Each structure stands twice: as C-alpha cells, then as structure tokens.
Amino acid sequence: DAGVIQSPRHEVTEMGQEVTLRCKPISGHDYLFWYRQTMMRGLELLIYFNNNVPIDDSGMPEDRFSAKMPNASFSTLKIQPSEPRDSAVYFCASSFQAHGYTFGSGTRLTVV
Amino acid sequence: QKEVEQDPGPLSVPEGAIVSLNCTYSNSAFQYFMWYRQYSRKGPELLMYTYSSGNKEDGRFTAQVDKSSKYISLFIRDSQPSDSATYLCAMSVYSGGGADGLTFGKGTHLIIQP
C-alpha cells in the first residue's frame, strides 16, 4: 500500500486566493482526519470523517475552511479566501479503528 | 492549562545514552496513549501504543503510563543518531480512530550526537 497520499506537497499562494488540498486515504480505512501543524500550536485536529460522513468539524477555524469527502478514496480541504495566518503544514491521516493513525507527508502551505 | 504538556526541547544526548521523554495531561478521561516520531518534513509515524496504565516494551523503546499522576514517558535505550527526530505524545478517550480524534503534545525535538 502506498500509504496516505497528499497533494500538493508545497503550495505558495497569494492572500485572497482559493487553496485546495487533497488526500487519498489508505484503502479500507474508515476514518479520515485533517490536522494542521504550526510551531506555535502544534498539531490541531480540524475535522474528521467516518465512512465519508463529517463527524466533528469543531476544529475548523473559520467559515473560510471547508472539507469534503465525496467517496472513500478522496477528501479535500479548501480555504477560501486564504490569509497569511493560514500558513502551516496540513496533514491528512486515516485509520481503520486502529491503534493509531497513518499520516500522509503533509502539504506545506505558504500564503503571502 | 493546556490539555497535554510536553517540553519542546531541544534535548541533545550522546549516542548510546538512555533518553527519557515525557508528557503530562489534565484530562483524566484519556485512556489510550501513543508516541509518534516525526522526522523533518515528514508526517508523524506511530511508534508505541498503550492502553491505560503500565509499561510496554518494543525493542529499544519502552512506553510507560501513570494515570494516577497523569504522566506518560517514552524511554529509548542505546540511542542512535537515526533516533534524532521530534517525538510527539498523543492520547484519546476512545480507541484508535474513535470518536474524538487524538490530542497531541507539541513534541520534543531530540538530537542524538554521534
């Protein structure tokens, strides 16, 4: 298995632009999580899905953030409009009721 | 008070030393405790998983949980330069990919000097 695949690996965008981050979870996993990592705040859970259904989005910072999971093999996290304070590494992770999550390599987002 | 506290380091030790990494937490409902290792510009990878109090050993790594003190530890014996990474503790109320996600510490940056 190729693991959790995220794209793009790096994204540099201008303030106000729309950004879409993508994630392909491990086949057969029924949970998918989006995390954000910064030096100041560490890893923060943004939203998670179970069987493609959003369960808890209380970590989504603002209405500018939205996430979808149209099927078991794909999820997106969208930021519109983006702001410099959104600059961070965004991780996707998946799990099958496991004893831990498998993380992707992350998307490093820079908003200038 | 933050839910999970972890000293960010950096912690620098010579090769071969025993390393002790620790976290404290405030939520007594946490039952599942994990340690993740994160290399630079990579995602965290699961290293150790324990349930409730007690010890768990896996090769050079030992995870210890003391729920009465709300304190968890990771010990690395015979440390190697390849162990240099950021170590994050994580914990949850429910098992694995359960209902609440994981709460992470900010991580301790460990440097093993050759």
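This write-up is about the structure you can find in this document. What you see is a predicted model, and the numbers here were worked out from it, not measured in a lab.

Examining unusual backbone geometry
Here's step 1: Residue P8 of chain A follows S7 of chain A across a cis peptide bond; omega there is -10°.
Here's step 2: Checked against the element boundaries, P8 of chain A lands in the loop between strand 1 (5–7) and strand 2 (10–13).
Here's step 3: The linkage connecting G9 of chain B with the following residue, P10 of chain B, adopts the cis geometry, with an omega of 10°.
Here's step 4: Counting through the fold element by element, P10 of chain B comes out in the loop between strand 1 (4–5) and strand 2 (11–14).
Here's step 5: The backbone of N51 of chain A shows a phi angle near 50°, a positive value even though the residue is not glycine.
Here's step 6: Turning to its location among the elements, N51 of chain A is positioned in the loop between strand 5 (42–50) and strand 6 (53–56).
Here's step 7: The phi angle at N52 of chain A is positive, at roughly 75°, despite the residue not being glycine.
Here's step 8: Along the chain, N52 of chain A falls in the loop between strand 5 and strand 6.

Let's talk about the layout of surface pockets
Here's step 1: Of the pockets and cavities examined, the largest pocket occupies roughly 650 Å³.
Here's step 2: Secondary structure elements with two or more residues in the lining of the largest pocket: strand 4 (31–38), strand 9 (88–95) and strand 11 (107–111) of chain A together with strand 9 (85–92) and strand 11 (108–113) of chain B.
Here's step 3: Of the residues forming the lining of the largest pocket, the biggest block, three residues, is contributed by strand 9 of chain A.
Here's step 4: When grouped by side-chain class, the residues that make up the lining of the largest pocket number seven nonpolar, 14 polar and five charged.

Description of the interface of chain B and chain A
Here's step 1: The partner chain A presents 24 residues to the 20 residues of chain B that form the contact.
Here's step 2: With both sides pooled, the region where chain B packs onto chain A buries about 1,600 Å², and carbon together with sulfur makes up 51% of that total.
Here's step 3: Run the count over chain B and chain A and you get zero salt bridges.
Here's step 4: Remark: the boundary between chain B and chain A carries six residue pairs in polar contact (both at pLDDT 80 or more).
Here's step 5: Residue composition of the side of chain B that touches chain A, by class: nine nonpolar, seven polar and four charged.

Re the sheet that holds strand 3 (residues 19–25) of chain B
Residues and elements named next belong to chain B.
Here's step 1: With antiparallel pairing, the five strands of this open sheet are ordered in space as 1-3-8-7-6. Either end of the sheet is taken by a strand with one partner, and the two such strands are strand 1 and strand 6 (54–58).
Here's step 2: Judged from the six bridges that link them, strand 3 and strand 8 (residues 71–76) form a sheet pairing that is antiparallel. If you follow C23 over to strand 8, its bridge partner there is I72.

Notes on the state of the cysteines
Disulfides are covalent bonds that connect the sulfur atoms of two cysteines.
Here's step 1: Under the defined criterion, the tally for this structure stands at two disulfides over all chains.
Here's step 2: What pairs with C23 of chain A in a disulfide is C92 of chain A, and their sulfur atoms sit 1.9 Å apart. In this structure, the disulfide formed by C23 of chain A and C92 of chain A twists by about -65° around the S-S bond and is classed as left-handed. With C23 of chain A in strand 3 (residues 19–24) and C92 of chain A in strand 9, this pair connects stretches of sequence that are 69 residues apart. Assigned by exposure class, C23 of chain A and C92 of chain A land together as buried.
Here's step 3: The side chain of C23 of chain B participates in a disulfide bridge whose partner is C89 of chain B; the two sulfur atoms lie 2.0 Å from each other.

A few points about the pattern of salt bridges
Here's step 1: Taken as a whole and judged by the stated rule, the model has 11 salt bridges over all chains.
Here's step 2: A salt bridge links E44 of chain A to R41 of chain A; the nearest nitrogen and oxygen atoms lie 2.6 Å apart.
Here's step 3: Across the pair E57 of chain B and R77 of chain B runs a salt bridge, and its minimum N-O distance is 3.5 Å. With E57 of chain B in strand 6 and R77 of chain B in the loop between strand 8 and strand 9, this residue pair connects regions lying 20 residues apart in the sequence.
Here's step 4: Classification of E57 of chain B as exposed rests on a relative accessible area of 58%.
Here's step 5: Assessed through its relative accessible area of 28%, R77 of chain B is described here as partly exposed.
Here's step 6: Taken together, the salt bridges that share partners define one network made up of E62, R64, E83, R85 and D86 of chain A.

Criteria and cut-off values
- Residues numbered from 1 in each chain as written.
- Chains lettered and ligands numbered in written order.
- Predicted model: local features only at pLDDT ≥ 70, side-chain atom pairs only at ≥ 80, totals over all residues.
- Heavy atoms only, no water.
- Helix = DSSP H or I, 4+ residues; strand = E, 2+ residues; numbered from the N terminus.
- 1 Å grid on protein atoms, 1.4 Å probe; cavity = no way out; pocket = protein on both sides within 12 Å on 5 of 7 lines; lining within 4 Å.
- Points joined across faces, edges and corners; volume = space filled by probe spheres on them.
- Nonpolar A, V, L, I, M, F, W, Y, C, P; charged D, E, K, R; others polar.
- Contact = heavy atoms within 4.5 Å.
- Buried area = accessible area lost by both parts, 1.4 Å probe.
- Salt bridge = Lys/Arg side-chain N within 4 Å of Asp/Glu carboxyl O.
- Polar contact = N/O pair within 3.5 Å; in protein donor to acceptor, adjacent residues only side chain to side chain.
- Pairing = 2+ DSSP bridges.
- Disulfide = S-S within 2.5 Å.
- Buried < 20%, exposed > 50% of the residue type's maximum accessible area, 1.4 Å probe, protein only.

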